[in-house]
2 protein chains.
Amino acid sequence: MRRVIMLLLDGGGDRPSGGGPTPLYAAHKPNLDRLAAAGSCGILDPIAPGIRPGSDTAHLSIFGYDPYRYYTGRGAFEALGAGIELRPGDVAFRTNLATVDENNVVVDRRAGRHVSPEEASEVERLVNEVIAPTVMGKLGVEVVYKSTVEHRGVLVMRGPVSHRVSNTDPHKVGEPILEARPLDGSREGNITAEALNMVTRLFSERARELGINAARREKGLPPINAILARGGGYMPSIEPITRRYGVRAAAIAGVALIRGVARAVGMDVYTAPGLNGTASDEYAHALRLAMDLLAGYDLIFLHVKGTDSAGHDGNYDLKRTVVERLDRALSEYMDRLEGMYVMVTSDHATPVSVREHTGDPVPILVYGPDVVRDEVDRFSELTCWRGALMRIRGMDIMPIASSYLGLSEKFGE
Amino acid sequence: MRRVIMLLLDGGGDRPSGGGPTPLYAAHKPNLDRLAAAGSCGILDPIAPGIRPGSDTAHLSIFGYDPYRYYTGRGAFEALGAGIELRPGDVAFRTNLATVDENNVVVDRRAGRHVSPEEASEVERLVNEVIAPTVMGKLGVEVVYKSTVEHRGVLVMRGPVSHRVSNTDPHKVGEPILEARPLDGSREGNITAEALNMVTRLFSERARELGINAARREKGLPPINAILARGGGYMPSIEPITRRYGVRAAAIAGVALIRGVARAVGMDVYTAPGLNGTASDEYAHALRLAMDLLAGYDLIFLHVKGTDSAGHDGNYDLKRTVVERLDRALSEYMDRLEGMYVMVTSDHATPVSVREHTGDPVPILVYGPDVVRDEVDRFSELTCWRGALMRIRGMDIMPIASSYLGLSEKFGE
């Protein structure tokens, strides 16, 4: 029973700042290093050399889907991550709940950055139960709003729609809400722009009557009286990973966007206690779940967010600590990993010296039965380029996994 | 203030002939080797493994433009290099001034390889002031001729034109001038062929009256009485490098074709005393200019032609000497390069044993802040493949530079 466990350290790659060791190099991680020593190492360009990936495009690539073909704006992946079932052709926008003045000029793009779950629910009811039926009646477009975190949410449109419409979010305080305009001459673009403008207008009109705004006024919080949309994307038609690579795959992730990408490519998505998508996550439960899921899947993908968060914060020690925490949690399973394939890599570098995603390659290791053993015995940016895998790309990972699993179709005879 | 200096040794790559050292390996070049030792090395396929590049296609690739998409025949790049301002859609041909007999049969494709600058000017006047107005009046096509070196020149057509027409140059002595024919059924192809035939015919008719031909007869030189066109190409619409990669870039080059390619991708083009595009060039002024230009640009590209010329001449010692001359000129600036990125590579190999461009990979080094340091301490074909960059392609260079500069757009979120 061949299986693959893929551990992805989000933003785990780094640079040797001032010539010093990277967090991955410095981390005490005997288990990851044992896997590196026993297997093949290399460096990975998540998309292509030098390209600065987002987490969404990099995950698409690592899951075996060319992001230049399948990435259709963040909206769709954000909506999937929020648990909305998207069908091919659905259009999704990222939204902010915001505060505008009487002239529709934006006063606060995040409504004071304070939106409680109860307030979010009331907004959902307003959009989905009051506004959506009107839009459906007038334009034949189905509208679904879902709140995600704080002021953030997604607005999905289904029907004769297109993602080729401009944002209503002016991205600036002091500017009025923008009119959505179709970006091409299509009928769908026109309808979508009209639907989006209708939602925007009705929302600001009806928000006055919301009970939450009376309460917010008393607390001195700015009212929630606008919804700003941006980043329209449509849900592409994606051949599921099981069909494309012959691999039954599950993802364990706490981050909505990653869950969304995994779901988009047809993976079953799980979460585990302790896996909240933060730098203080604990990986014991997630790894146990991964082991349990091996009974029903060929490949388990486990997403570790903390390295990226620490990178964005410029926190070297925290980044190292996240790796060490994962490594400790791995201890318990090292025996069980024998006879399995383990792949460890990153979706991009988030160097603590840069605090943003960069285009650097990241280390990768492949451990498992009959894998060529090279001399690399330490998993890091400073060592893995000496390994037998040489330099590969994100899109190469799934074919390699599928081949080791003996599940890929032969191309030709 | 992050900056990139890119030094390109044209045709600098070579082969270990008979197992011996290559000119780059043998050259005494302590400065380039110091950069190699402190940075990452690798090998580069300017276009793709084994592909034999021209200098134009390789430079397009290294500037980040897929030559399979943007290379549209040498004519356009030759014209740009000659200083003609081309607009997207303009068509350009490479031309020879030649000698034909009374039946339009080519007697000498280069008019005795002797065309003085004064003669060239008179030919320019004939085409641009006498012939061009006629063509414009009859076909609505604007014609511009510019002489480049000796018998060579470029003929540009602007208007309802296409580059899909056949050559008038028979490429052989003893053959008559060919009629240009449209290579597709387009109206533009027909018009262009007609315009080209009209220029060809009028030129041979009017050349008799040229004062220079009387003088040439006296000197025993064959008359200039034909213009032969070949290699029609059109000026593609190219998104400028500043927009595509976020990089303000300048090129310092003495070679017309390279200047043309650099200009085509939107680089500002400079030259410097001593940089004439020959194997005896001196690089002191060019390097000083590069340093000065850093104030206003993110990336400075410096083109070194001598290595290619020496390769074409099969002159091993000269090729080595050109590298040593560049290295000596670098000495003065090594301190100032600290904190900057330096990339050194070639657009292709021109092995002295082959005397022509080959498809071999070429060495590349990337030096700069937080670049992974590998063990390679000598910049050459025989050593760089051991480096941390592994094997990359011409098209990877600009994304890597842009990522190090922190100027690239993130792809996704």
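Residues numbered from 1 in each chain as written. Chains lettered and ligands numbered in written order. Predicted model: local features only at pLDDT ≥ 70, side-chain atom pairs only at ≥ 80, totals over all residues. Heavy atoms only, no water.

Engineer: Before we move on, can you summarise the pairing of strand β1 (residues 4–9) of chain B with the specific residues and values?
Structural biologist: Two faces belong to every sheet, and in a regular strand the side chains alternate between them. All names here are of chain B. Counting buried positions along β1 gives 6 out of 6 residues, so the element sits mostly inside the fold. Across the two faces of β1 the burial is the same, with Val4, Met6 and Leu8 and Ile5, Leu7 and Leu9 all buried. Bridge analysis of β1 against strand β11 (residues 341–345) gives 5 bridges, and the strand direction is parallel. The partner of leucine 8 across the bridge, within β11, is threonine 345. As judged from the 6 bridges shared by β1 and strand β10 (residues 299–304), these two strands associate in the parallel manner. The residue bridging leucine 8 from the neighbouring strand is histidine 303, located in β10. (Buried < 20%, exposed > 50% of the residue type's maximum accessible area, 1.4 Å probe, protein only. Helix = DSSP H or I, 4+ residues; strand = E, 2+ residues; numbered from the N terminus. Pairing = 2+ DSSP bridges.)

Engineer: Account for the domain arrangement of chain A, naming residues and giving values.
Structural biologist: All names here are of chain A. In terms of domains, chain A is made up of domain 1 (4–71 + 238–404) and domain 2 (78–234). Relative to domain 2, the C-alpha centre of domain 1 lies at a distance of 35 Å. Taken together, the contacts link 6 residues of domain 1 with 5 residues of domain 2. In total, about 440 Å² of surface goes out of reach between domain 1 and domain 2, with carbon and sulfur atoms giving 61% of it. (Domains from an automatic or database assignment. Contact = heavy atoms within 4.5 Å. Buried area = accessible area lost by both parts, 1.4 Å probe.)

Engineer: Hey, could you go over the relation of the copies chain B and chain A for me, with residue numbers and the actual values?
Structural biologist: If you rotate chain B by 123° and push it 0.1 Å along the axis, it lands on chain A with an RMSD of 0.2 Å. Taken together, the rotation and translation relating the two chain copies correspond to the operation of a three-fold axis. Identified as the residue of chain B closest to the rotation axis by C-alpha distance is methionine 390 of chain B, at 3.9 Å. Taken as a fraction of all interface residues of chain B, those also at the interface in chain A reach only 12%, which identifies the copy contact as different-surface. (Least-squares fit on C-alpha atoms with pLDDT ≥ 70 in both.)

Engineer: Go over the interface of chain B and chain A, please, and point to the residues and values.
Structural biologist: On the side of chain A, 34 residues touch chain B, which itself brings 25 residues to the contact. Surface buried jointly by chain B and chain A totals about 2,200 Å² across both partners, of which 55% is contributed by carbon and sulfur atoms. On the surface where chain B and chain A come into contact, there are 2 salt bridges. A salt bridge links lysine 410 of chain B to glutamate 356 of chain A; its shortest N-O distance comes to 3.5 Å. On inspection of chain B and its partner chain A, the count reaches 8 residue pairs in polar contact (both at pLDDT 80 or more). (Salt bridge = Lys/Arg side-chain N within 4 Å of Asp/Glu carboxyl O. Polar contact = N/O pair within 3.5 Å; in protein donor to acceptor, adjacent residues only side chain to side chain.)

Engineer: Please give an account of empty space enclosed by the protein that cites residues and values.
Structural biologist: Under the defined criterion, the tally for this structure stands at 1 cavity of 30 Å³ or more. In this structure, the largest cavity encloses a volume near 290 Å³. Around the largest cavity, the lining comprises 22 residues; the ones closest to its centre are Asp360 and Pro361 of chain A together with Val372, Leu389 and Tyr404 of chain B. The element that contributes the greatest number of residues to the lining of the largest cavity is helix α15 (residues 394–405) of chain B, accounting for 3 residues. Split into classes, the residues belonging to the lining of the largest cavity amount to 12 nonpolar, 4 polar and 6 charged. (1 Å grid on protein atoms, 1.4 Å probe; cavity = no way out; pocket = protein on both sides within 12 Å on 5 of 7 lines; lining within 4 Å. Points joined across faces, edges and corners; volume = space filled by probe spheres on them. Nonpolar A, V, L, I, M, F, W, Y, C, P; charged D, E, K, R; others polar.)

Engineer: Requested: an account of the sheet that holds strand β11 (residues 341–345) of chain A, with residues and values cited.
Structural biologist: All names here are of chain A. Within the open sheet, the 8 strands sit side by side as β9-β8-β10-β1-β11-β12-β2-β13. Their pairing is mixed. With one partner strand each, in any of the chains shown, β9 (268–270) and β13 (390–393) form the two edges of the open sheet. The mean inter-strand angle of the sheet, taken between neighbouring strand axes irrespective of direction, is 25°. Helix-sheet contacts for helix α10 (residues 256–264) involve β8 (249–252), β9 and β10 (299–304), and the interaxial angle to β9 is about 155°. Contacts between helix α15 (residues 394–404) and the sheet are confined to β1 (4–9), β2 (40–45), β10, β11, β12 (362–367) and β13, with β13 contributing the most and set at about 100° to the helix. (Axes fitted to C-alpha atoms, helices over the stretch in contact; angles between N-to-C directions.)

Engineer: Could you give an account of the nonpolar core, naming the residues involved and the relevant values?
Structural biologist: Residues Phe63, Tyr65, Met267, Leu299 and Phe301 of chain A are the most contacted members of the largest nonpolar core, which totals 56 residues. Residue contributions to this core peak at 5 residues, all from α10 of chain A. Those residues in contact with leucine 299 of chain A, other than ones at most four positions away along the chain, are Val4, Met6, Val247, Arg248, Ala249, Ala250, Met267, Met398 and Ala401 of chain A. With 53 residues, the next largest nonpolar core counts Tyr245, Ile258, Val265 and Ala349 of chain B among its residues. (Core = buried A, V, L, I, M, F, W, Y, C linked by side-chain atoms within 4.5 Å.)

Engineer: Talk me through the sheet that holds strand β13 (residues 390–393) of chain B; I want residue IDs and the actual numbers.
Structural biologist: Adjacent strands of a sheet pair through backbone hydrogen bonds, lying either parallel or antiparallel. Residues and elements named next belong to chain B. Strand order across the open sheet formed by 8 strands is β9-β8-β10-β1-β11-β12-β2-β13, with mixed pairing between neighbours. Each of the sheet's edge strands pairs with one partner strand only, and the pair in question is β9 (268–270) and β13. Each adjacent strand pair in this sheet contributes to an overall mean axis angle of 25°, direction not counted. Taken together, the 3 bridges between β11 and strand β12 (residues 362–367) define a ladder with antiparallel strand orientation. Residue pairing for β12: valine 344 is matched across the bridge by leucine 365. On top of the sheet, helix α2 (residues 30–38) reaches β1, β2 (40–45), β11 and β12; it is set at about 70° to β12, its chief contact. Strands in contact with α15 are β1, β2, β10, β11, β12 and β13; relative to β13, the strand with the most contacts, it is inclined by about 100°.

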